[in-house]
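# Coordinate inspection notes
The residues making up each chain are set out below.
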Amino acid sequence: QVQLVESGGGLVQAGGSLRLSCAVSGRTSSIYAMGWFRQAPGKEREFVAAIRWSTSSTYYSDSVKGRFTISRDNAKNTVYLQMSSLKPEDTALYYCAARRGYCNGCTSPSTYDYWGQGTQVTVSS
């Protein structure tokens, strides 16, 4: 089992920055990739970014590329999502997820095995 706890969400003005954290515990040796997803009211959960646990290869959705950065700190078993130049359309509940098996772009939420409870990000215009 893997447990995930997100933190760092909040209210920020457009153009501002936030850093989300995802604390990972349990069988971290089973993790192949970590991902960040988000879900706005009335919309489907969408991929934001992913990172391979062992190689740190990263993947981003087109909507956040160049503005968001995913990273990890192995010593702290924590994955981060640094968000800059935030836009009102970035407003959503952000989830951290872990996947055990191999994935290429690691973008599909249905293929992730473990999920955190989510942290709310609200960007005001």
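One structure accompanies this document, and this report is about it. Keep in mind that what you see is a predicted model, and the values were worked out from it rather than measured.

### A short note on the pattern of salt bridges
Going through the model one piece at a time under the given rule, you end up with five salt bridges. Residue Asp90 pairs with Arg38 through a salt bridge whose shortest N-O separation is 2.9 Å. Of this pair, Asp90 sits in the loop between β8 (78-83) and β9 (92-99) while Arg38 sits in strand β4 (residues 33-39), and the two are 52 residues apart along the sequence. We classify Asp90 as buried; its relative accessible area is 1%. Overall, the relative accessible area of 5% leaves Arg38 in the buried class.

### Notes on the nonpolar core
Judged by nonpolar contacts, the single largest core of 29 residues is most densely connected at Met34, Trp36, Leu81 and Tyr94. Sorting the residues of this core by element identifies β1 (2-7), β3 (18-26), β4, β5 (46-52), β7 (68-73), β8, β9 and β11 (119-124) as the ones contributing at least two each. Here Leu81 is in contact with Leu18, Arg19, Leu20, Trp36, Val48, Ala49, Phe68, Thr69, Ile70 and Tyr94, once residues within four sequence places are set aside. Of all hydrophobic cores here, the second largest spans ten residues; its members include Ala33, Tyr59, Cys106 and Tyr112.

### Observations concerning the packing of aromatic side chains
Counted according to the given criterion, the structure contains six aromatic pairs. Here the aromatic cluster, defined as three or more aromatic residues joined through ring pairs, consists of Phe37, Phe47, Tyr95, Tyr112 and Trp115. When the ring centre of Tyr95 is taken as reference, the NZ or CZ atom of Arg45 above it lies at 3.8 Å. Seen from the ring of Trp115, Arg45 lies directly overhead, with NZ or CZ sitting 4.7 Å from the centre.

Rules of the game
- Residues numbered from 1 in each chain as written.
- Predicted model: local features only at pLDDT ≥ 70, side-chain atom pairs only at ≥ 80, totals over all residues.
- Heavy atoms only, no water.
- Salt bridge = Lys/Arg side-chain N within 4 Å of Asp/Glu carboxyl O.
- Helix = DSSP H or I, 4+ residues; strand = E, 2+ residues; numbered from the N terminus.
- Buried < 20%, exposed > 50% of the residue type's maximum accessible area, 1.4 Å probe, protein only.
- Core = buried A, V, L, I, M, F, W, Y, C linked by side-chain atoms within 4.5 Å.
- Contact = heavy atoms within 4.5 Å.
- Phe/Tyr/Trp six-rings, centres within 6.5 Å; stacked < 30°, edge-to-face > 60°.
- Lys NZ or Arg CZ within 6 Å of the ring centre and 35° of its normal.

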